[in-house]
Amino acid sequence: MLESSFLSNLDEWIKMQKSLLATIKDMEKNENDKDMDRLDLILASRVAFQHMMRTIKAFDQWLQDPMIIKHMPKEMLEDVKRTSWSILEQLLELDIRHTSEARDLISKLGKEGKLDPLIWSRPLFDEQQNQNSRRITFTTM
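What you see is a predicted model, and the numbers here were worked out from it, not measured in a lab. (Residues numbered from 1 in each chain as written. Predicted model: local features only at pLDDT ≥ 70, side-chain atom pairs only at ≥ 80, totals over all residues. Heavy atoms only, no water.)

Peer 1: How would you explain the overall build of the protein if you had to name every residue and give the values?
Peer 2: Of the regular secondary structure elements, the protein holds five helices and zero strands. Considering the protein as a whole, with its 141 residues, one finds that 6% of them fall into the buried category. Relative to all contacts within the protein whose residues are 6 or more apart in sequence, the contacts with residues 24 or more apart total 31%. Carbon and sulfur atoms make up 60% of the accessible area of the protein, which totals about 12700 Å². (Helix = DSSP H or I, 4+ residues; strand = E, 2+ residues; numbered from the N terminus. Buried < 20%, exposed > 50% of the residue type's maximum accessible area, 1.4 Å probe, protein only. Contact = heavy atoms within 4.5 Å. Areas by Shrake-Rupley, 256 points an atom, 1.4 Å probe, with all protein chains shown as cover.)

Peer 1: Account for a negative patch on the surface, naming residues and giving values.
Peer 2: Taken together, the side chains of Glu-28, Glu-31, Asp-33, Asp-35, Asp-37 and Asp-40 define an acidic patch exposed on the protein surface. In this fold, Glu-28 is placed in helix H1 (residues 2-30). Look at Glu-28 and you get exposed, because its relative accessible area is 60%. (Patch = residues over 30% accessible without salt bridge, like charges linked within 9 Å, V, L, I, M, F, W, Y side chains within 5 Å. Salt bridge = Lys/Arg side-chain N within 4 Å of Asp/Glu carboxyl O. Lys, Arg positive; Asp, Glu negative; His and termini not counted. Charge placed at Lys NZ, Arg CZ, Asp CG, Glu CD.)

Peer 1: Describe the pattern of salt bridges, with residues and values.
Peer 2: Opposite charge on two side chains allows them to pair when their charged atoms are near. Per the stated rule, a full pass over the model turns up six salt bridges. The closest approach of N and O atoms between Asp-26 and Lys-29, which form a salt bridge, is 3.9 Å. Residue Asp-26 and its partner Lys-29 are located together in helix H1, separated by three residues, close to a single helical turn. Connected through shared salt-bridge partners, Lys-108, Glu-112 and Lys-114 make up one network.

Peer 1: Can you explain the packing of aromatic side chains? Please cite residues and give values.
Peer 2: Within a pair of aromatic rings, the relevant descriptors are the distance that separates the centres and the angle that separates the planes. All told, the structure shown has zero aromatic pairs when counted by the stated rule. Against the face of Trp-85 rests Lys-81, its NZ or CZ located 4.8 Å from the ring centre. (Phe/Tyr/Trp six-rings, centres within 6.5 Å; stacked < 30°, edge-to-face > 60°. Lys NZ or Arg CZ within 6 Å of the ring centre and 35° of its normal.)

Peer 1: I'd like to hear about a nonpolar patch on the surface, residue by residue, with values.
Peer 2: The grouping of Phe-49, Met-52, Met-53, Ile-56, Leu-91 and Leu-94 at the surface amounts to a nonpolar patch, some 530 Å² of accessible area in total. The set of elements that each furnish at least two residues to the nonpolar patch consists of helix H2 (38-62) and helix H4 (74-111). In terms of residues, the nonpolar patch owes the most to one element, H2, which gives four residues.

Peer 1: An account of the confidence of the model for the protein is requested, with residue identities and associated values reported.
Peer 2: Parts of the prediction with low pLDDT should not have their coordinates interpreted in detail. Looking at the protein as a whole, its pLDDT mean stands at 86, while 84% of the residues score no less than 70. Here helix H5 (residues 127-132) stands out as the element of the protein with the lowest mean pLDDT, 50, in contrast to H4, whose mean of 96 is the highest. (pLDDT = per-residue confidence, 0-100.)

Peer 1: Break down H4 for me, with residues and values.
Peer 2: Along its 38 residues, H4 runs 55 Å from first to last C-alpha, staying within 8% of the 56 Å computed at 1.5 Å per residue. Those residues of H4 lying buried are Val-80, Ser-107 and Gly-110. Positive phi appears at Gly-113, one or two residues downstream of H4, with a value of about 70°. (Expected span 1.5 Å × (residues − 1).)

Peer 1: Now, about the environment of Asp-116: what can you tell me, with residues and values included?
Peer 2: Secondary-structure assignment places Asp-116 in the loop between H4 and H5. Residue Asp-116 is classed as partly exposed on the basis of its relative accessible area of 36%.

Structure follows, in C-alpha cells:
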C-alpha cells in the first residue's frame, strides 16, 4: 500500500536524523575545538554544512509535496517558518561575520605581502584599487 510505504520512508528518515543527532551530540561532548587542528575544524564544518544542505533540500521538497501541504496543520507550518527564519538569521550573521573577518585578514596580509603566491596571483593594493581589481585564485573546485 502506498500509504504504508510513505510512512516507512518517513520512519527511516526520522531514524537516520535521530542517529545523526545523537552522533553529533556525542562528538560535541568528547571534542574540544581547542584540541582540533585547522583541518579537523574545516572537515567538521564541511560535514555540518553538507548535512544542513541535505536537510534543507529535504524540507524544501517536503513543502512542495501536495500530500504534505494539503494535510499539514497551520501550527506545524508556523513552527517550520519561525524556526527556518531563525536558522536563516543565524546563518546570515555567521556569513557576514566570517566574510567581514576574512576580507579584513586578506587585506591586511596583502598589504604586508604575506599572501600565498600559489593562491594569489598579484598583490593587493590600496582599498580603491582593490575594489576595481579582480582576485584570481587557483583552486581545485
